[in-house]
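# Structural overview for review
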Protein chains: 2
Amino acid sequence: MTERQAAEEPTTGLRERKKQRTRDALLRVALELFTTRGYEHTTVDEIADAVEVSQRTFFRYFASKEEVAFAVQEMVESRFVAELLTRPARERPFTAMRNAVLCSWSSIGEAIEAVVPVELHMRTYLMIESTPALLAAHLRRSTELEERTARIIADREGLDLDADPRPRIAVAAFTGVMRVTGRLWGQGEDTSMESIRALTELYLDHLEPALAADWRAPERTPGAPGAHGV
Amino acid sequence: MTERQAAEEPTTGLRERKKQRTRDALLRVALELFTTRGYEHTTVDEIADAVEVSQRTFFRYFASKEEVAFAVQEMVESRFVAELLTRPARERPFTAMRNAVLCSWSSIGEAIEAVVPVELHMRTYLMIESTPALLAAHLRRSTELEERTARIIADREGLDLDADPRPRIAVAAFTGVMRVTGRLWGQGEDTSMESIRALTELYLDHLEPALAADWRAPERTPGAPGAHGV
DNA sequence: ACGCTAATGTCAGCGACTGACAGTTGACAA
DNA sequence: TTGTCAACTGTCAGTCGCTGACATTAGCGT
């Protein structure tokens, strides 16, 4: 169930290879069906039938219909966490998170392609964002990642997460921007990875000024009055 | 189905009154069962049986088992929106949102009590936060409210929501903090309304400094170097 | 070749939810 | 008062996601 990567033995035995092939097939077929006829209009039976296994077998590989939709997303997230852990200590929290996403996106392409076409994953992301039930699940998963991230940031800065609210606050703001970015990207025309990368960079670099500036002033007013801001 | 409030005629006919009573009974019983034996361990049949109606009737009042869990939350949210719309134009976006939540909480008590005991609603909120399926739904609902809020803020400031990212960014940061606040409140001991109110006030007023300050400095460093911040 | 065990299939069943149809009951007019 | 209409409700059958139990198949090491 939880085997990650042998990474050395390509021939791990026929049994393992068969399992891997079944899993991949279920995943690929499921995403293909979801993105074409829609998540709700795809039954687990149809997925299982297409791969020629029983419905019961599907549920032995994926705990739910939902889980298969997030299988690739799962990979991307763990990549982000790994990247964040290796960020130099000199970077400030927000900068470290910013760079971690951007860097992880630079190397994730091939890892995805080993399982499903990247283009299919992009379509899957759009499907998740536009399917209420999946959007809900996506948001919940995001908060879990958010918690992990806050813990990492707190460790980085040598802070006590239970006593100091600042890590959680900064992470909340960060992921909030990430979510908005993802949604806007989905609404736009350009569904490329370069597109979402550029959008993310732009928005993240906009957050702090947006919170501090007086919106009614024509442009940046460094010495603005009101201490309360925004 | 969507009758809100006649607010004038107390005698709206026997039929209407019966419907209202059935709905209220279903709601109260459902929340009571959810909060005692748990959401997942409560079946729709049990709710319907307790009110002595058929399961089919339950689904004529509530589109899903989920919906009944959020019925009161629904009221609270629309109260916040109403409050936000009446905020004086002189207040800055973040301040307006801050005051809208705090003010709406001051007057929501009686409105809730008309349907279910406030204490039951508090327990319901805790249940939502600790039930994965409901937490997911809660987050999705929050983003919908977030979108409405962003639109209101944009109108207030005379900005084009589709062209200017700042309203969405500020709202995202705001609701991010609200979410964290709610979760921490749920983890604490004090489940009173005063408690969550104080926590919210504290955290909201912490957001901007937390983003701008250098965490490694002993305390506030107004003239900090690095322009990128956080 | 032969057990052992993991992987799979089959079957029965629960719970959320829906459509269709029939029965009941307020509302309103004659 | 009565009767008609429309709204509300109950019943039933069926779909779909998901699970436990048990039998069957098929790699694996000896």
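None of the values given here were measured: they were computed from a predicted structure.

## Considerations on the protein's contact with DNA strand C
The full set close to DNA strand C counts 24 residues, and Lys 19, Ser 54, Thr 57 and Arg 60 of chain A together with Lys 65 of chain B are the nearest of them. Of everything in DNA strand C that lies within 4 Å of the protein, sugar and phosphate atoms constitute 56%. For DNA strand C, a base oxygen lies 2.7 Å from a polar atom in the side chain of Arg 60 of chain A. Taking Arg 56 of chain B, its side chain carries an N or O atom lying 2.9 Å from a base oxygen of DNA strand C. Of all the elements in the fold, those that place two or more residues in the surface near DNA strand C are helix 1 (14–37) and helix 3 (55–61) of chain A together with helix 1 (14–37) and helix 3 (55–61) of chain B.

## Focus on helix 7 (residues 118–130) of chain A
Between the first and last C-alpha of helix 7 of chain A there are 19 Å, a value that for 13 residues agrees with the 18 Å anticipated at 1.5 Å per step. Turning to helix 7 of chain A, its buried residues are Val 118, Leu 120, His 121, Met 122, Thr 124, Tyr 125, Met 127, Ile 128 and Glu 129 of chain A.

## Let's talk about the protein's contact with DNA strand D
Taken together, the neighbourhood of DNA strand D is formed by 23 residues, with Lys 65 of chain A together with Lys 19, Ser 54, Thr 57 and Arg 60 of chain B sitting nearest. Restricting attention to atoms of DNA strand D within 4 Å of the protein, one finds that 57% of them are sugar or phosphate atoms. The separation between a phosphate oxygen of DNA strand D and a polar main-chain atom of Val 44 of chain A is 3.1 Å. For DNA strand D, a phosphate oxygen lies 2.8 Å from a polar atom in the side chain of Ser 54 of chain B. Only helix 1 and helix 3 of chain A together with helix 1 and helix 3 of chain B provide two or more residues apiece to the surface near DNA strand D.

## Brief notes about the pattern of salt bridges
Following the criterion strictly, the structure yields 31 salt bridges over all chains and no others. Of the charged contacts, one joins Glu 91 of chain B and Arg 87 of chain B as a salt bridge, the two residues approaching to 2.9 Å between their closest N and O atoms. The same class applies to Glu 91 of chain B as to Arg 87 of chain B, namely buried. With its nearest N and O atoms 4.0 Å apart, the salt bridge here joins Asp 162 of chain B to Arg 168 of chain B. Within the structure, one salt-bridge network assembled from shared partners comprises Glu 147, Arg 151, Asp 162 and Arg 168 of chain A together with Arg 183 of chain B.

## Thoughts on the nonpolar core
In this structure, Phe 34 of chain A together with Phe 34 of chain B are the most contacted members of the largest nonpolar core, which totals 118 residues. If one sorts the elements of this core by residue count, helix 9 (residues 166–187) of chain A sits on top with ten residues. Excluding residues that lie within four positions of it along the chain, Phe 34 of chain A makes contacts with Tyr 39, Thr 42, Ile 47, Lys 65, Val 68, Ala 69 and Met 127 of chain A.

The rules behind the values
- Residues numbered from 1 in each chain as written.
- Chains lettered and ligands numbered in written order.
- Predicted model: local features only at pLDDT ≥ 70, side-chain atom pairs only at ≥ 80, totals over all residues.
- Heavy atoms only, no water.
- Near = heavy atom within 4 Å.
- Polar contact = N/O pair within 3.5 Å; in protein donor to acceptor, adjacent residues only side chain to side chain.
- Helix = DSSP H or I, 4+ residues; strand = E, 2+ residues; numbered from the N terminus.
- Expected span 1.5 Å × (residues − 1).
- Buried < 20%, exposed > 50% of the residue type's maximum accessible area, 1.4 Å probe, protein only.
- Salt bridge = Lys/Arg side-chain N within 4 Å of Asp/Glu carboxyl O.
- Core = buried A, V, L, I, M, F, W, Y, C linked by side-chain atoms within 4.5 Å.
- Contact = heavy atoms within 4.5 Å.

By themselves, these are just geometric observations and shouldn't be taken as functional.
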